[in-house]
Amino acid sequence: MIAIGCDQGGYELKQEVMKHLQERGLEYKDFGCYSDASVDYPEYGKAVAHAVAGGECERGILICGTGIGISIAANKVKGIRAALCTDCFMAEATRLHNDANILAMGGRVIGTGLALKIVDTFLDTPFSNEERHIRRISQLED
Ligand code: RB5
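Counting from 1, residues in each chain are numbered in the order their sequence is written. Given that this is a predicted model, residues contribute local features only at a pLDDT of at least 70 and side-chain atom pairs are listed and counted only at 80 or more, while totals for whole chains, interfaces and linings are drawn from all residues. The side-chain figures draw on all heavy atoms in the structure; neither hydrogens nor water molecules are used.

A word on the site of the ligand. In these notes, residues near a molecule or strand are those with any non-hydrogen atom within 4 Å of it. Every residue near the ligand is listed here: Asp-7, Gln-8, Tyr-41, Cys-64, Gly-65, Thr-66, Gly-69 and Arg-108. Counting of polar contacts relies on pairs of N or O atoms within 3.5 Å, with two restrictions inside protein: one atom must be capable of donating a hydrogen and the other of accepting it, and residues adjacent in sequence are counted only when both atoms are side-chain atoms. The backbone of Gly-65 places a nitrogen or oxygen atom 2.7 Å from an oxygen atom of the ligand. Gly-69 is positioned with one of its backbone polar atoms (N or O) 2.8 Å from an oxygen atom of the ligand. For accessible areas, the Shrake-Rupley method is used with a probe of radius 1.4 Å. Any residue's cover is judged against the shown protein chains and nothing else. Contact with the protein chains covers 69% of the free accessible surface of the ligand, which is 290 Å². Put simply, Ala, Val, Leu, Ile, Met, Phe, Trp, Tyr, Cys and Pro go in the nonpolar bin, Asp, Glu, Lys and Arg in the charged bin, and everything else, Gly too, in the polar bin. Among the residues forming the shell around the ligand, the class breakdown is two nonpolar, four polar and two charged.

Spelled out as structure tokens, the structure:
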């Protein structure tokens, strides 16, 4: 199960991402927001982060205008490694190296085509499981 959330700046792109996940046959849970009316991104970043940290969902996708505020919010939750990605190289590397469990994107930064490729790369790339990366990730929790 994939947790997905956004603020008004990410609302439009989130609709496209949900359609894409549906087309791929992937289950998701939408934590809001549910319109393009102005809201506060920390609420949605934290809701998705808690769903992932608590084990209800395996991965998360968060979208705000820049992807910055909502990723900062998510990263306040213990066990969360939210990665703001603007290209596929970053999405692949953050899965391989950081075992990132939440992808953050900026709805006002990247177009839909690129965003969907980033989503696919993020979801389809496994963690490398290399010792040095496991060690570094464990140091994040110290
Ligand atoms: C909302 O206007 C905007 O601040 C938000 O979407 C995001 O970009 C914050 O980091």
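Below, the discussion takes up the pairing of strand 1 (residues 2-6). Consecutive side chains along a regular strand alternate between the two faces of the sheet. For the exposure calls, accessible area comes from a 1.4 Å probe over protein chains only, and a residue counts as buried if that area is under 20% of its type's maximum, exposed if over 50%, partly exposed in between. We count a stretch as a helix when DSSP gives it H or I for four or more residues in a row; a strand needs E for two or more, and each element gets its number in order from the N terminus. Counting buried residues along strand 1, five of its five residues qualify, which places the element largely inside the surrounding structure. Because side chains alternate across strand 1, one face comprises the buried residues Ile-2, Ile-4 and Cys-6, and the other comprises Ala-3 and Gly-5, equally buried. Here, any two strands with at least 2 DSSP bridges between them count as paired. As judged from the three bridges shared by strand 1 and strand 2 (residues 28-30), these two strands associate in the parallel manner. Considered in strand 2, the bridge of Ile-2 is made with Tyr-28. Whether a crossover is right-handed depends on one test, that the path from the first strand over the helix to the second runs clockwise when the strands point away from the viewer. Taken together, strand 1, helix 1 (residues 11-23) and strand 2 constitute a β-α-β crossover, and its handedness is right-handed.

Once that is clear, we can look at the pattern of salt bridges. In the sections that follow, a salt bridge refers to a side-chain nitrogen of Lys or Arg positioned within 4 Å of a carboxyl oxygen of Asp or Glu. Tallying each qualifying case throughout the model produces nine salt bridges. Put simply, Asp-30 and Lys-14 hold a salt bridge, and the shortest N to O gap is 2.7 Å. Within this pair, whereas Asp-30 is found in strand 2, its partner Lys-14 is found in helix 1, the two being separated by 16 residues in sequence. Assessed through its relative accessible area of 22%, Asp-30 is described here as partly exposed. Between Arg-135 and Glu-131 there is a salt bridge; the shortest N-O distance is 2.9 Å. Of the two residues, Arg-135 and Glu-131 both sit in helix 6 (residues 131-140), four residues apart, roughly one turn of that helix. On the basis of relative accessible area, Glu-131 is assigned to the exposed category, the value being 54%.

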